[in-house]
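# Chain and residue survey
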Amino acid sequence: MKLWKYIVKFSPYRQFVAPILSLFTSLSTLICCAIPAILVLLGMGATLASFISSFPLLITISKFKIQLFLIAGILLVIASYFFWQFKNAPCPIDIKQAKLCEKLKGINFKIIIFSFLIYLVGFFFSFLADDFFY
């Protein structure tokens, strides 16, 4: 019973799931929309054609890029909110758990920043690069 109260009150796993999901969706925006745009920008049309022939589902995913970016943005906001909410939360008294707590806080912050940067790169190449470069 004591363990259950610890999991509900402070769960490093609950804090870790949202940043990982935001990283996953940010990477999917990069793969879906930014990599093909970068390949075309660099004049690598043949590489893009082989990339699409290897992963034909990419075309289907690209049709829903607005929804993909909305979901990724929402998950990024949720992950940031969870991080902000638990940023100043006290860690457990147990030394082992306290080290895990502090380590997870640092890892979560790095994952959220990395996800945000990937999301911005994907957003730029999906929506803004066309106007910027042409």
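Everything quoted here is computed from the prediction, not taken from an experiment.

### Section: the packing of helix 5 (residues 65–86) against helix 6 (residues 95–133)
Interaxial distance between helix 5 and helix 6 falls to 10 Å at its minimum, and their mutual angle equals 155°. Between helix 5 and helix 6, the interaxial angle falls into the category roughly antiparallel. For the crossing formed where helix 5 meets helix 6, the hand is left-handed. In this structure, helix 5 uses Lys65, Ile66, Phe69, Ala72, Gly73, Leu76, Ala79, Ser80, Phe83 and Phe86 to contact helix 6, whose residues at the interface are Lys105, Asn108, Phe109, Ile112, Ser115, Phe116, Tyr119, Gly122, Phe123, Ser126 and Phe127. Looking at the contact of helix 5 with helix 6 residue by residue, the class counts come to 13 nonpolar, six polar and two charged.

### Quick notes on the nonpolar core
With seven residues, the main nonpolar core is built from Cys32, Cys33, Leu68, Phe69, Ala72, Leu76 and Tyr119. If you list the elements that add at least two residues to this core, you get helix 2 (12–41) and helix 5. The biggest single contributor to this core is helix 5, with four residues.

### Quick word on the state of the cysteines
As enumerated under the stated definition, the model contains two disulfides in all. A disulfide bridge connects cysteine 32 with cysteine 33, and the sulfur atoms are separated by 2.3 Å. Disulfide cysteine 32-cysteine 33: the torsion about the S-S bond is 40°, which places it as right-handed. Both residues of the pair, cysteine 32 and cysteine 33, count as buried. The partner cysteine of cysteine 91 in its disulfide is cysteine 101, sulfur to sulfur 2.0 Å. Judged by the sign of its S-S torsion, about -65°, the bond between cysteine 91 and cysteine 101 is left-handed. Remark: cysteine 101 occurs in helix 6 and cysteine 91 occurs in the loop between helix 5 and helix 6; sequence separation between them is ten residues. For cysteine 101, a relative accessible area of 1% translates into the label buried. Numbered in order of appearance, the disulfide-bonded cysteines of the protein chain are paired 1-2, 3-4.

Calculation rules
Residues numbered from 1 in each chain as written. Predicted model: local features only at pLDDT ≥ 70, side-chain atom pairs only at ≥ 80, totals over all residues. Heavy atoms only, no water. Axes fitted to C-alpha atoms, helices over the stretch in contact; angles between N-to-C directions. Helix = DSSP H or I, 4+ residues; strand = E, 2+ residues; numbered from the N terminus. Parallel < 35°, antiparallel > 145°, perpendicular 65-115°, else oblique. Left-handed = near helix turned anticlockwise from the far one by under 90°. Contact = heavy atoms within 4.5 Å. Nonpolar A, V, L, I, M, F, W, Y, C, P; charged D, E, K, R; others polar. Core = buried A, V, L, I, M, F, W, Y, C linked by side-chain atoms within 4.5 Å. Buried < 20%, exposed > 50% of the residue type's maximum accessible area, 1.4 Å probe, protein only. Disulfide = S-S within 2.5 Å.

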